[in-house]
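Analysis of the macromolecular model
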Amino acid sequence: MDIMLFHSVYGLRPAVRAAAARLEEAGHRVRTPDLFEGRTFETVEEGMAFSDELGRDELLKRAVIAAAPHSGGGLVYMGLSLGASVAQNLALGDEKAVGLVLLHGTSDIAEGAEADGLPVQFHVADPDVFEPHDWQTAWYLGMGRAGADAEVHRYPGAGHLYTDPDLPDYDAEAAERTWRTVLAFLDELASADGRD
């Protein structure tokens, strides 16, 4: 599968490249756009401040520019936390999107958004301060109204960005379970799309 993997608010850090390498080892083609143009951050507060300064519209514009040359053949959009929000917005705006994988984050769903049959996986810590249960319920129902085929995988006791081994949130067991589930999902997409 062709995958666009968007980084978190920490920027394009080693964990993002490691995730891409794992996906590539499984036979997928992965692109990791640097939406922060080389900037990385040590704390979520610093990253959020930079992201806010950059602005949502600019962030999405950079993501669209990165994805557009590759979207013709159908992409799987994937993202980590803030990057998941970006991935969701692009996938719901791309009628050729093949799938959507959200790690640690979601986004508002635009009124009238359509995702006819789009396969979606959302992986989230339980609880997650950035993705409270009420929000998750509303998101799930909204994705259903948009026509997406969404599933939610929760990981009790994990920290928010639990797949990043360089952060205090890291949970090795939850991360391994997540990647196994994601890779199986991608295999299903490839089979359904005739790319296996």
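Here, every reference points to the structure presented above.
So, here's what we can say about the structure. Just so it is clear, the model here is predicted, and its values are computed rather than measured. (Residues numbered from 1 in each chain as written. Predicted model: local features only at pLDDT ≥ 70, side-chain atom pairs only at ≥ 80, totals over all residues. Heavy atoms only, no water.)

**A short note on the side chain of arginine 62**
- For arginine 62, the location among the structural elements is in helix H3 (residues 56-67).
- Among the polar contacts listed, one links the side chain of arginine 62 to the side chain of glutamate 58, at a separation of 2.9 Å.
- Discounting residues that sit within four places of it in the chain, arginine 62 has contacts with Leu35, Phe36, Glu37 and Leu54. (Helix = DSSP H or I, 4+ residues; strand = E, 2+ residues; numbered from the N terminus. Polar contact = N/O pair within 3.5 Å; in protein donor to acceptor, adjacent residues only side chain to side chain. Contact = heavy atoms within 4.5 Å.)

**So, the side chain of serine 81**
- Relative to the elements of secondary structure, serine 81 occurs in the loop between strand E3 (76-80) and helix H4 (82-92).
- A polar atom in the side chain of serine 81 sits 2.8 Å from the side chain of histidine 160.
- Those residues in contact with serine 81 that sit more than four places away from it in its chain are Ser8, Leu103, His104, Gly105, His160 and Leu161.

**Looking at the pattern of salt bridges**
- Across all of its chains, the model carries 5 salt bridges by this definition.
- Note that arginine 29 is salt-bridged to aspartate 2, the shortest N-O span being 2.4 Å. Residue arginine 29 is found in strand E2 (residues 29-31), and its partner aspartate 2 is found in strand E1 (residues 2-6); the two are separated by 27 residues along the sequence.
- Among the residues examined, aspartate 2 registers a relative accessible area of 16% and is labelled buried.
- As a salt-bridge pair, arginine 22 and glutamate 176 come within 2.8 Å of each other at their nearest N and O atoms. Of this pair, arginine 22 sits in helix H1 (residues 14-25) while glutamate 176 sits in helix H6 (residues 172-192), placing them 154 residues apart in sequence.
- When its relative accessible area of 31% is taken as the criterion, glutamate 176 is described as partly exposed.
- Each of Glu37, Glu58 and Arg62 takes part in one network of salt bridges that share partners. (Salt bridge = Lys/Arg side-chain N within 4 Å of Asp/Glu carboxyl O. Buried < 20%, exposed > 50% of the residue type's maximum accessible area, 1.4 Å probe, protein only.)

**Some remarks on the sheet that holds strand E6 (residues 149-156)**
- Taken in spatial order, the 6 strands make up an open sheet running E2-E1-E3-E4-E5-E6, and their pairing is parallel. Unpaired on one side and paired on the other, E2 and E6 mark the two borders of the sheet. Averaged over all neighbouring strand pairs, the angle between strand axes comes to 15°, with direction disregarded.
- In the sheet, E1 pairs with E3 via 4 bridges, with the strands oriented parallel. For phenylalanine 6, the partnering residue across the bridge sits in E3 and is glycine 79.
- Across the sheet, H4 lies against E1, E3 and strand E4 (99-103), angled at about 155° from E3, the strand it touches most. (Pairing = 2+ DSSP bridges. Axes fitted to C-alpha atoms, helices over the stretch in contact; angles between N-to-C directions.)

That's the geometry; what it means functionally is another story.
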